[in-house]
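Here is how the chains run, residue by residue.
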Amino acid sequence: MTYSGAVKVGGPADVHELTDLMISKVAVGTMNNNAYLLRCRATGEQLLIDAAAEAGTLLTLIGDDGIASVVTTHQHGDHWQALAEVVEATGARTYAGAYDAEGIDVPTDVRVEDGDTVTVGRVELTARRLVGHTPGSIALVYDDPHGHPHLFTGDCLFPGGVGGTWGDAEAFASLIHDVETKLFGALPDETWVYPGHGDDTTLGDERPHLEEWRERGW
């Protein structure tokens with residue numbers, strides 16, 4: 001089956017099979033959050049991005065192999081409602097942005113700074129701090145040596161715009177700057193974007209609209 005990234009709460013996961021990495025996307029919770037299970041194909045080690053809700057759904061997705069780590073993209077509660085239960089069941093190590101960790105009820109084992117590397121088996125992900133939606137949101141970049149990059153953006157970039165800044169002009173200016181420089185400025189159009197809610201997109205699909213986003217202020 002061809003991966004589409006279109007998932008629904010209560011429905012099956014969609015699996016993106018890459019040469020070195022398998023990415024399973026599932027929607028959970030009342031806010032239609034996305035959670036992503038990454039599996040290194042060489043070692044079988046797994047990492048979960050955002051234990052957002054429905055611990056039972058996430059643990060079923062994880063399966064008997066467990067997970068080595070959970071990365072929380074930012075401090076908003078809808079992205080970590082199942083974190084405590086998932087960590088208790090798996091013993092996973094917790095990661096979050098250094099400037100958001102205090103806002104997450106579950107202790108963060110590793111506070112991630114901009115440019116830090118997070119690994120799952122032999123696969124490396126690079127963290128990018130994006131300021132505006134929250135003080136310490138992080139995106140994760142997998143620069144696939146066999147293809148194009150893959151980008152997990154939390155709530156900082158979606159199809160159609162950046163994440164919410166709720167009328168705060170300074171926060172919006174910060175977020176659009178970080179998204180433009182650290183994501184669009186550093187990565188090619190083919191980069192596949194996996195957001196914290198809703199459907200996937202690519203940087204190429206969104207790039208033509210950057211000036212429009214700046215002008216409207218959200």
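All values derive from a computational prediction rather than experimental measurement.

Rules used throughout
- Residues numbered from 1 in each chain as written.
- Predicted model: local features only at pLDDT ≥ 70, side-chain atom pairs only at ≥ 80, totals over all residues.
- Heavy atoms only, no water.
- Helix = DSSP H or I, 4+ residues; strand = E, 2+ residues; numbered from the N terminus.
- Buried < 20%, exposed > 50% of the residue type's maximum accessible area, 1.4 Å probe, protein only.
- Contact = heavy atoms within 4.5 Å.
- Areas by Shrake-Rupley, 256 points an atom, 1.4 Å probe, with all protein chains shown as cover.
- Arc of directions from axis to C-beta.
- Phe/Tyr/Trp six-rings, centres within 6.5 Å; stacked < 30°, edge-to-face > 60°.
- Pairing = 2+ DSSP bridges.
- Axes fitted to C-alpha atoms, helices over the stretch in contact; angles between N-to-C directions.
- pLDDT = per-residue confidence, 0-100.
- Salt bridge = Lys/Arg side-chain N within 4 Å of Asp/Glu carboxyl O.

Undergrad: Before we move on, can you summarise the overall build of the protein chain with the specific residues and values?
TA: Across its full length, the protein chain holds five helices and 15 strands. Taking the principal axes of its C-alpha atoms as reference, the protein chain extends roughly 50 × 35 × 30 Å. Each of the 218 residues in the protein chain was classed as buried or not, and the buried ones make up 51%. For the protein chain, long-range pairs separated by at least 24 residues make up 52% of all intrachain contacts whose partners lie at least 6 apart in sequence. Carbon and sulfur atoms provide 48% of the accessible area of the protein chain, an area that totals close to 9400 Å².

Undergrad: Pulling in residues and values, what's your account of helix α1 (residues 55-62)?
TA: Buried within α1 we find Ala55, Leu58 and Ile62. The buried residues of α1 occupy an angular sector of 65 degrees when projected down its axis, which confines them to one face. Buried-residue contacts for α1 involve β2 (21-28), β3 (33-40), β4 (46-49) and α2 (83-90). Two residues or fewer after α1 comes glycine 63, characterised by a positive phi angle close to 75 degrees.

Undergrad: A description of the packing of aromatic side chains should follow, citing residues and the corresponding values.
TA: Counted according to the given criterion, the structure contains seven aromatic pairs. A centroid spacing of 5.8 Å and a plane angle of 55 degrees characterise the contact between tyrosine 3 and tryptophan 192, whose relative ring orientation is tilted. You can see tyrosine 3 sitting in the segment before β1 (14-17) and its partner tryptophan 192 sitting in strand β14 (residues 192-195), a full 189 residues away along the chain. Tyrosine 3 gets classed as buried once you look at its relative accessible area, which sits at 8%. Ring geometry for tyrosine 36 and tyrosine 194: centres 5.6 Å apart, planes at 80 degrees, overall edge-to-face. In this pair, tyrosine 36 sits in strand β3 while tyrosine 194 sits in strand β14, placing the two residues 158 residues apart along the sequence.

Undergrad: Explain the sheet that holds β4 to me, and be specific about the residues and the numbers.
TA: Within a sheet, neighbouring strands are paired by backbone hydrogen bonds and run either parallel or antiparallel to one another. Spatial strand order, β1-β2-β3-β4-β5-β6-β7: seven strands in an open sheet with mixed pairing. At either margin of the open sheet sits one strand with a lone partner, and together these are β1 and β7 (110-112). On average, each strand axis in the sheet is tilted by 20 degrees relative to the strand beside it, whichever way the strands run. Bridge analysis of β3 against β4 gives four bridges, and the strand direction is antiparallel. Looking across to β4, one finds that leucine 37 is bridged to leucine 48.

Undergrad: Can you tell me about the confidence of the model for the protein chain, naming the residues and giving the values?
TA: Of all residues in the protein chain, 100% attain a pLDDT of 70 or more, and the chain-wide mean is 98. Per-element confidence in the protein chain ranges from a low mean pLDDT of 97 for helix α5 (residues 210-216) to a high of 99 for β4.

Undergrad: Residue-level account of the pattern of salt bridges, with values.
TA: Taken as a whole, this structure holds nine salt bridges when the rule is applied. Between arginine 207 and aspartate 189 there is a salt bridge, with its nearest N and O atoms 2.5 Å apart. In this pair, arginine 207 is assigned in the loop between α4 (203-206) and α5 and aspartate 189 in the loop between α3 (169-184) and β14, connecting sequence segments 18 residues apart. Each of Asp114, Arg128 and Lys182 takes part in salt bridges that share partners, so that together they form one network.

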